[in-house]
Amino acid sequence: MAKTHVTTTINGEPVEFLCDASQTMLDVLRDQLGLTGSKEGCGSGDCGACSVTLDDRLVCSCLILAPEADGHHIQTIEGMAQGDQLHPLQKKFVELAALQCGICTPGFLVASKALLDRNPDPTETEVRYWLAGNLCRCTGYDKIIRAVMEVAADMREAAR
Ligand code: FES
Ligand code: FES
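1. What about the overall build of the chain?
So, point 1. For the chain, the helix and strand inventory stands at five helices and five strands.
So, point 2. Each helix and strand of the chain, placed in order from N terminus to C terminus, yields the pattern β-β-α-β-β-β-α-α-α-α.
So, point 3. Relative to its length of 160 residues, the chain is compact, with a C-alpha radius of gyration of 16 Å against a globular reference of 15 Å.
So, point 4. Here the C-alpha coordinates of the chain stretch approximately 50 × 35 × 25 Å along the principal axes.
So, point 5. Residues counted as buried form 42% of the 160 residues belonging to the chain.
So, point 6. Restricting to contacts in the chain with at least 6 residues of sequence separation, those with at least 24 account for 55%.
So, point 7. Charge separation in the chain, taken as the distance between the mean sites of 14 positive and 22 negative side-chain charges, equals 7 Å.

Right, dumping it as structure tokens:
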């Protein structure tokens, strides 16, 4: 079957690839482009482990067909740190032990950053609702929520 040629940017870098029309963005990221930070927890849009942003919109990459990325901008967990400088959310997750096995962690980080990019001063309820699509079987969520709230406060303070 003829392959589809896709032109996109991933984490700010121009990227072109060939894919089958039925391939998911998650499969292309992981299996063709070597970006294995996005995880496949369910493959059906229920766990959030595959979260990326598509033109700044938070999406499950397991629900996006790779050809849909043509002409769009994708951000994955690999683009979150700047060189060896972790994003404040990544630092805080480590500091507060907001991760255990880490399968869900890339999705939580991408989703949390997408929230703070839109809303720098979320209430705890807003954080919990925003992250409701991300499942974690290990941490009990409280440390994750606390990490996001603390980073939001730190970033507001730094922006003063
Ligand atoms: S792997 Fe995409 S939502 Fe679970
Ligand atoms: S840290 Fe294991 S599923 Fe979240």
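2. As for the side chain of Thr-9
So, point 1. Relative to the elements of secondary structure, Thr-9 occurs in strand β1 (residues 4–10).
So, point 2. What makes Thr-9 buried here is its relative accessible area of 19%.
So, point 3. Engagement of the side chain of Thr-9 in a polar contact is seen with the side chain of His-73, the distance being 2.6 Å.
So, point 4. Leaving out residues up to four positions away in the same chain, Thr-9 has contacts with Pro-14, Val-15, His-72, His-73 and Ile-74.

3. Quick word on a nonpolar patch on the surface
So, point 1. On the surface, a cluster of nonpolar side chains totalling about 240 Å² of accessible area is made up of Leu-86, Val-94 and Leu-99.
So, point 2. By the secondary structure assignment, Leu-86 is in the loop between β5 (73–75) and α2 (88–95).
So, point 3. Judged by its relative accessible area of 39%, Leu-86 falls in the partly exposed class.

4. Brief notes about the pattern of salt bridges
So, point 1. Inspection of the entire model under this criterion finds ten salt bridges.
So, point 2. Here Lys-92 and Glu-95 are joined by a salt bridge, their closest N and O atoms 3.6 Å apart. Placement of both Lys-92 and Glu-95 in helix α2 is noted, with a separation of three residues, approximately one turn of the helix.
So, point 3. Classification of Glu-95 as exposed rests on a relative accessible area of 55%.
So, point 4. Linking Asp-121 and Arg-156 is a salt bridge whose minimum nitrogen-to-oxygen distance equals 3.1 Å. With a gap of 35 residues between them, Asp-121 in the loop between α3 (105–118) and α4 (124–130) and Arg-156 in helix α5 (residues 142–159) connect regions that are remote in the sequence.
So, point 5. Residue classification places Asp-121 among the partly exposed residues on the basis of a relative accessible area of 47%.

Cut-offs and rules
Residues numbered from 1 in each chain as written. Chains lettered and ligands numbered in written order. Predicted model: local features only at pLDDT ≥ 70, side-chain atom pairs only at ≥ 80, totals over all residues. Heavy atoms only, no water. Helix = DSSP H or I, 4+ residues; strand = E, 2+ residues; numbered from the N terminus. Rg over C-alpha atoms; globule rule 2.2 N^0.38 Å. Buried < 20%, exposed > 50% of the residue type's maximum accessible area, 1.4 Å probe, protein only. Contact = heavy atoms within 4.5 Å. Lys, Arg positive; Asp, Glu negative; His and termini not counted. Charge placed at Lys NZ, Arg CZ, Asp CG, Glu CD. Polar contact = N/O pair within 3.5 Å; in protein donor to acceptor, adjacent residues only side chain to side chain. Patch = residues over 30% accessible without salt bridge, like charges linked within 9 Å, V, L, I, M, F, W, Y side chains within 5 Å. Areas by Shrake-Rupley, 256 points an atom, 1.4 Å probe, with all protein chains shown as cover. Salt bridge = Lys/Arg side-chain N within 4 Å of Asp/Glu carboxyl O.

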